[in-house]
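# Coordinate inspection notes
Spelled out, the chains give:
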Amino acid sequence: MEPSITVSPPQFQVLNTNPPDLSLSSNDPLQDIPFSGDPPPEILLSGNHPLQEIQLSGNPPAEIADSGNNQPQEISVSDYPDENINNLTSGEDKNDVVTMPEDIPAGSGEPQLKKRRRRKKQFPEMISSAAAVSGFRVMRPKSTPNTTTADDEFEELADHSLSKSRRRRISDLAKEVDVEALIAISVGFPVDSLTEEEIEANVVSQIGGIEQANYIVVRNHILARWRSNVDVWLTKDHALESIRAEHRSLVNSAYAFLLNHGYINFGLSPAIKEVKCRPVEGKYRGDVIVIGAGLSGLVAARQLIYLGFKVVVLEGRTRPGGRVRSKKMTGDDVNSDIVAAADLGGSVLTGINGNPLGVLARQLGLPLHKVRDICPLYLPNGKTVNSEMDTRVEISFNKLLDRVCKLRQTMMDEVKSADVSLGTVLEAFRRVYGVADDPQERMLLDWHLANLEYANATLMSNLSMAFWDQDDPYEMGGDHCFIPGGNETFIRALMEGIPIFYNRMVESIHYGSDGVLVYAGGQQYQADMVLCTVPLGVLKKGTIEFVPELPQRKQDAINRLGFGLLNKVAILFPYDFWGGEIDTFGHLTEESSTRGEFFLFYSYSSVSGGPLLIALVAGEAAIKFEQMSPVDAVGKVLEVLKGIFNPKGIAVPEPLQAVCTRWGQDHFTYGSYSYVAIGSSGDDYDILAESVDGRLFFAGEATNKQYPATMHGAFLSGMREAANMLRVATRRLAVQAEKPNNVTDEHSDLDRLFETPDLKFGSFNCLYDPSSSDPESTVLLRVAFEGEKSYSGVLHLYGLIKRRQVIELSNVTGDIDRMRMLSRDFGVKLVGRRSLCSIAESLITCIKLGRSSLN
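I will try to describe carefully the structure that is included in this document. Keep in mind that what you see is a predicted model, and the values were worked out from it rather than measured. (Residues numbered from 1 in each chain as written. Predicted model: local features only at pLDDT ≥ 70, side-chain atom pairs only at ≥ 80, totals over all residues. Heavy atoms only, no water.)

### A few points about the overall build of the chain
From N to C terminus, the chain includes 27 helices and 29 strands. Across the 855 residues of the chain, 58% fall into the buried class. Intrachain contacts of the chain at a sequence separation of at least 6 include 78% that bridge at least 24 residues. Of the roughly 34300 Å² that the chain leaves accessible, carbon and sulfur atoms contribute 49%. (Helix = DSSP H or I, 4+ residues; strand = E, 2+ residues; numbered from the N terminus. Buried < 20%, exposed > 50% of the residue type's maximum accessible area, 1.4 Å probe, protein only. Contact = heavy atoms within 4.5 Å. Areas by Shrake-Rupley, 256 points an atom, 1.4 Å probe, with all protein chains shown as cover.)

And the structure:
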């Protein structure tokens, strides 16, 4: 065994590695919030309504605050915060960086502006959060002459039984409940039922009924109250101030759930950090290893520390952030004052309503820049696309998607398991209905398809027709926004106070009933539980060995789900020649195979601190792009830009610096973000999120069915798993506490047997079958794992092998080679004590009887 090694976290230095984009910008940035069904009548009519008839203190949450005209307010960003740029450190970068001399030609101009409506996802019964705050009631199903809604009953009650002032107070209370319900919906709670998490947490004694209805009102109230001021720590006493005393138990239940699951009192304000960065006294829950210092890993680590766990984070890179990466770009010696921050990975906050990253931005005082809808499209010859044709093709494209939706509903009703490629079906409908037969119309249609391939990080031919958009009903509403200075601002704030060990590339994870053991960077780390947050691409590649192997159900989900690719070219120019009044513009190509090549440009001038353009490469072009030299890639981008702007008399200057991403070649990701492939479904996200044996847990965007492929999806998955680990640890501690001290459990019985093994070599111990000396007889094998970073004793895993195989193993030198022979040559899977099969249990009984007879 190697000597104990003391590891101290190295000084944080950010390397210039390229993360993928986690945004889905094809979605409508002004998305309404879905709301289905009426709240139970008792929410409005119960005589013992849990909320007292007083107004909430504080203002409505900023993310849904009314701007005065019932429209989400755009926050302009005029000054870039210099500290965000200066804090970005740079180092040796394995990405391709191209620095070019300055050449500033004369001439200026502006592209023609085109208001572009992103493809809107359709839901029934929607109301915008801004409208809700302005006093509108939640939209409800229209009542027929033979039905009476809760509002009808309420008004009748008010007219016949109450005074005018009393009616006014109840009306105000009802409106308040509606607004709070909208806030809860924006966060992801259903309107009139409990989430699976709430059911598992036993927040009410009985599902359904008046208690559940009142619990929902209380839960929404607490949530809304904290969202009204996210800079403070909301105590349980504050929550009780406006809730009737008889509902104290509901307050206790709702408050504990919201707190432990990270729906309230989370984030980076000084008051929150002061409480969160220190664990609850006297509540040690166990030791946890978090693999990956991306968004999900950092969020989970912070929450776990608060919940009473000892945590260590292992990161394979030399920097935190994972697929969130902000690259500092600078000019040459002549233009050294030109600096910009480029988000090479997760870039856009896709929907600000209810978004936890929006909460972090408010707490950090970061201004949000709304991504404006104006997106002019340009033909290969540089001319602006005809507006009438543009509108016609966009409508046809949306109608094609609508027909696909109708077809799949029919197929799912008649043939339950049928699934085909979304691209195949769309192309078939295009031909049947004669859509985009004209060459220019076809280029336009290809641009919309490229945009869809960007949103899903893969080719249309790879997407499941049945479930490619399964996350649509959960989409967060509100504007799509940029964060000035880049999203790495969040990472730098989240990593404060977290023990992170860099350059720890995980090789294997061993787990069993005794705990977990992780091999990383030539060292071993042991704990009670492990949280794996590596991207789906790493799991699909199989670079991490799991011992025992992951359940087949989880392996199948990993194989079915897709993990796609998106690449970027970030270019810093000496000045903004494209015009500052737009955030995006598009470029059409003549060939369908290259439709995703530099099809969309993001202007970061308003938020990055300098004249920065980022060109996106999606679909088939993203795959081919990784084989293209960086000089050629930048040259092609410049050709596109010159083709657009030179005919308008606008000269395109030479870049000061350029960066090309290569996400498919990144060994820490092997791609960008997940998608629903043919044969897969949203259920596979849930399967991937399932824990194994109460020891191995998973988080990350690919484990979030509601919000996959997004930064906030990664954030929420980290909070989810912290709560799951708390629940498991609490149950385990409770079971241990219930065991009488004079009772010897099954582990102790087996430990006594292995005190005198029949054969021992290295970390391997063997117990023979006392009834047979046949070389083919079964042997119980136990392997002990004890790392240098040991937190909870020795981890033991078990397996069954033949007696002759034991002899072969004993002749091998070193435990590592023995493990390799055991797994690869003998095909033995090691398991925890409780996972031993009936044959093993029978052998243990036989060994006990044999030894007792000898005694």
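### Examining the nonpolar core
Counting 78 residues, the largest nonpolar core has Y215, I222, F309 and V311 as its most contacted members. Among all residues touching V311, those that are not within four sequence positions of it are V288, V290, A301, L304, I305 and P499. Core analysis: the next-biggest nonpolar cluster, separate from the first, contains 56 residues, M389, V393, L444 and L612 among them. (Core = buried A, V, L, I, M, F, W, Y, C linked by side-chain atoms within 4.5 Å.)

### Quick word on empty space enclosed by the protein
Tallying each qualifying case throughout the model produces nine cavities of 30 Å³ or more. Roughly 400 Å³ of internal volume is contained in the largest cavity. Tallied by class, the residues present in the lining of the largest cavity amount to 14 nonpolar, eleven polar and four charged. (1 Å grid on protein atoms, 1.4 Å probe; cavity = no way out; pocket = protein on both sides within 12 Å on 5 of 7 lines; lining within 4 Å. Points joined across faces, edges and corners; volume = space filled by probe spheres on them. Nonpolar A, V, L, I, M, F, W, Y, C, P; charged D, E, K, R; others polar.)

### What to know about the side chain of S269
Relative to the helices and strands, S269 is located in the loop between α9 (248-260) and α10 (270-276). Setting aside residues no more than four positions away along its own chain, S269 makes contact with V230, D231 and Q363.

### Overview of the pairing of strand β28 (residues 778-785)
Here β28 lies mainly inside the structure; six of its eight residues are buried. Across eight bridges, the pairing between β28 and strand β29 (residues 795-802) is antiparallel. Its bridge partner lying in β29, T778 is registered against K802. (Pairing = 2+ DSSP bridges.)

### Overview of the packing of aromatic side chains
All chains considered together, the criterion is met by 24 aromatic pairs. Their ring planes at 75 degrees and their centres at 6.3 Å tell us that Y378 and F585 sit as a pair that is edge-to-face. Taken together, the positions of Y378 in strand β10 (residues 377-378) and F585 in strand β20 (residues 584-587) put the pair 207 residues apart, joining distant regions of the chain. Arranged with centres 6.0 Å apart and planes meeting at 65 degrees, the rings of F573 and W578 form a pair that is edge-to-face. Take F573 and W578: they sit in the same class, and that class is buried. Stacked on the ring of Y768, the Lys or Arg R803 has its end atom at 4.0 Å from the ring centre. (Phe/Tyr/Trp six-rings, centres within 6.5 Å; stacked < 30°, edge-to-face > 60°. Lys NZ or Arg CZ within 6 Å of the ring centre and 35° of its normal.)

### Looking at the packing of helix α7 (residues 210-227) against α9
Closest axis-to-axis distance for the α7/α9 pair is 9 Å, and the angle between their directions is 55 degrees. Here α7 is positioned oblique relative to α9, judged by the angle of their axes. Note on packing geometry: the crossing formed by α7 with α9 is right-handed. The residues of α9 that touch α7, namely those facing E211, N214, Y215, V218, R219, I222 and L223, are L250, V251, S253, A254, Y255, F257 and L258. The residue makeup of the contact of α7 with α9, split by class, is ten nonpolar, two polar and two charged. (Axes fitted to C-alpha atoms, helices over the stretch in contact; angles between N-to-C directions. Parallel < 35°, antiparallel > 145°, perpendicular 65-115°, else oblique. Left-handed = near helix turned anticlockwise from the far one by under 90°.)

### Overview of unusual backbone geometry
Of the consecutive residues V547 and P548, the connecting peptide bond is found in the cis state with omega at -5 degrees. Its location among the elements puts P548 in the loop between β17 (545-547) and α18 (552-560). Backbone geometry places N503, a non-glycine residue, at a positive phi of 60 degrees. Mapped onto the fold, N503 is located in the loop between β12 (500-501) and β13 (506-512).

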